[in-house]
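Chain and residue survey
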Amino acid sequence: FPRPHNPLSVMYRRVLLGAAAAVAAVDAFAPTAGFFGKPALASRATAVKGFAAPKARGVSGVLSLQAKNAAATLPATVKPGVVTGAALRDLLNYAKEKGFAIPGVNIVGTNSINACMEAAAKYGGPVMVTFSKGGGQFIAGKSCDNTNDKASIAGCIAGALHVRAVAKLYGVPVVLHTDHCQKAWLPWIDGLMEANEEYFKQHGEPLFSSHMLDLSEESLEENIGICKKYLERFAKCNVLLEFELGVTGGEEDGVDNSDVDSSRLYTQPEEVWYSYQELSKVPNGMFSCAASFGNVHGVYAPGNVDLQPVILHNSQKYISEKLGGKDPLPMWFVFHGGSGSSVEDIRYAIEAGVVKMNIDTDTQWAFWDGIRGYEAKYHDYLQGQIGSPDGATKPNKKYYDPRMSLRAAEEAMASRLAKAAEDLNCIKVL
């Protein structure tokens, strides 16, 4: 996959160089809506070949938060600020060892970015700030020309530089990640990789920690073949690859799988093993797997989604046996479509080596709910610039200042994320 000449390269270098002084100044002071109706789903009996589900499972299978907190010994490589390369590897292994998963949160601007880091500081754990292609375009400005994804690329870069400039102020490790990238969107990742490579030359690490390639619409061989080519490029500047097997149902930010065949919602162990084998051939390569086990983007009424986390357990067992059985959890798994999932399913998936769970729908609602609540509380002060319950000539500026309602949104989103972190056992793990 040769890199075509990108006329925007000079612009990205200027963006990076222009922000380098601000980032360096911070670095000097310290050592990333679903579909309507009920989805068609495969039966539990046919979801996985060759393995039977355990008879029972429960939250009790995971170490208690109290015991885990007492044993928390964060790897020395993992420090406040953006985590990449070897430090990211150590963080993910630490999560797998301690039995917690990192919240991976989709953001759309500095307000939602800051809410992520504020929440992480409160719950005492890492967070993954996640940029989508559409989210990057929104950060750059919806009125901007997005020909050749230039607004999506520039917006993601701007957001990443914002995180790098302030993350250490929150005192937490932050993973900078990008979300679903299907085959037609690969030029977006190419542009971000140019930014990574430029940043690597200047700072010895990439701008972003990781990128996701979602080539699940292609054949398994083409999916992993393209992922392998990209991983070869990623590995040269210590970027982790997240890849998808099977399909996450529903719709999210331009990726619509609402009509997908239900059989594709369930990944088979042989597919995971094939992917592991091929990607392990890349020197210095780091990768995580978004294996489908009935996941659906969005939130649905109970009974509408049939999650089968046993697929992850069976896949780990299959790979472990192929490798000689020394490591019972050889793969880093990630959990897509986490919003609305039961604590039981979340904890059982973590036991299978899930180290990150994606959250978007729930935090979108929380952000809006914060604004809605603010408007309801101060409704009578928000009907005009002058005139309120305090008097006909009283100004209302302090109530309609955008920072007031946006701060309420940040607080509501941070509170919801703290609850998610509790479900993920990601409390006081630093």
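Residues numbered from 1 in each chain as written. Predicted model: local features only at pLDDT ≥ 70, side-chain atom pairs only at ≥ 80, totals over all residues. Heavy atoms only, no water.

1. Notes on the overall build of the protein
- Scanning the protein from N- to C-terminus turns up 14 helices and 13 strands.
- For the protein, the proportion of its 430 residues judged to be buried stands at 54%.
- Carbon and sulfur atoms provide 55% of the accessible area of the protein, an area that totals close to 18,300 Å². (Helix = DSSP H or I, 4+ residues; strand = E, 2+ residues; numbered from the N terminus. Buried < 20%, exposed > 50% of the residue type's maximum accessible area, 1.4 Å probe, protein only. Areas by Shrake-Rupley, 256 points an atom, 1.4 Å probe, with all protein chains shown as cover.)

2. Some thoughts on the pairing of strand β5 (residues 210-213)
- A two-sided burial pattern is seen for β5, the buried positions comprising Ser210 and Met212 on one face and His211 and Leu213 on the other.
- Bridge count between strand β4 (residues 173-178) and β5: two bridges; the pairing is parallel. Note on β5: the bridge partner recorded for Thr178 is His211.
- For β5 and strand β6 (residues 240-245), the ladder comprises four bridges, and the chain directions are parallel. Following the sheet pairing, Ser210 is matched in β6 by Leu240.
- Following the chain from β5 across helix α8 (residues 220-235) to the adjacent parallel β6, one finds a crossover that is right-handed. (Pairing = 2+ DSSP bridges. Right-handed = clockwise from strand over helix to strand, strands pointing away.)

3. Overview of the packing of helix α5 (residues 133-140) against helix α6 (residues 150-170)
- The N-to-C vectors of α5 and α6 enclose an angle of 80°; their axes lie 6 Å apart at closest approach. Between α5 and α6, the interaxial angle falls into the category roughly perpendicular. Only Ala151, Ser152, Gly155 and Cys156 of α6 make contact with α5, whose side of the interface consists of Lys133, Gly136, Gln137, Ile139 and Ala140.
- Of the residues contributing to the contact of α5 with α6, the split by class is four nonpolar, four polar and one charged. (Axes fitted to C-alpha atoms, helices over the stretch in contact; angles between N-to-C directions. Parallel < 35°, antiparallel > 145°, perpendicular 65-115°, else oblique. Contact = heavy atoms within 4.5 Å. Nonpolar A, V, L, I, M, F, W, Y, C, P; charged D, E, K, R; others polar.)

4. Some thoughts on the packing of aromatic side chains
- Under the defined criterion, the tally for this structure stands at 10 aromatic pairs.
- Plain terms: the ring middles of Phe293 and Phe335 are 4.9 Å apart, the flat faces sit at 65° to each other, and that makes the pair edge-to-face. Remark: Phe335 occurs in strand β10 (residues 333-335) and Phe293 occurs in the loop between β9 (287-291) and α10 (310-322); sequence separation between them is 42 residues. There is no split in this pair, since Phe293 and Phe335 are both buried.
- Among the aromatic residues, those joined into a ring-pair cluster are Phe243, Trp273, Tyr276 and Phe287.
- Positioned over the ring face of Trp185 is Lys133, at 4.9 Å from the centre of the ring. (Phe/Tyr/Trp six-rings, centres within 6.5 Å; stacked < 30°, edge-to-face > 60°. Lys NZ or Arg CZ within 6 Å of the ring centre and 35° of its normal.)

5. Digging into the environment of Gly337
- With respect to the helices and strands, the residue Gly337 is situated in the loop between β10 and α11 (343-351).
- The class for Gly337 is buried, based on a relative accessible area of 10%.
- Sequence-wise, Gly337 and Asp360 are 23 residues apart; in three dimensions their C-alpha atoms are separated by 8.1 Å.

6. Focus on unusual backbone geometry
- Phi at Asn148 is positive, roughly 60°, even though this residue is not glycine.
- Here Asn148 lies in the loop between α5 and α6.

7. Quick notes on the confidence of the model for the protein
- The predicted model of the protein averages 84 in pLDDT, with 76% of residues at 70 or higher.
- Low pLDDT, under 50, characterises residues 18-56; the predicted model gives this stretch 76 contacts beyond four residues in sequence or across chains.
- In the model, residues 297-303 has pLDDT below 50 throughout and makes 24 contacts with residues more than four positions away in sequence or in other chains. (pLDDT = per-residue confidence, 0-100.)

8. Comments concerning the nonpolar core
- Counting residues in hydrophobic clusters, the biggest one holds 102 residues, and the most contacted among them are Val129, Val163, Ile189, Leu213, Phe243 and Met331.
- No other element matches α6, which puts eight residues into this core. (Core = buried A, V, L, I, M, F, W, Y, C linked by side-chain atoms within 4.5 Å.)

9. Some remarks on the pairing of strand β11 (residues 354-359)
- Of all six residues in β11, six are buried, a share of seventy percent or more.
- Bridge count between strand β2 (residues 102-106) and β11: four bridges; the pairing is parallel. Bridged to Ile102 within β11 is Lys356.
- Across three bridges, β10 lies against β11 in parallel orientation. Within β11, the position partnered with Phe333 by the bridge is Val354.

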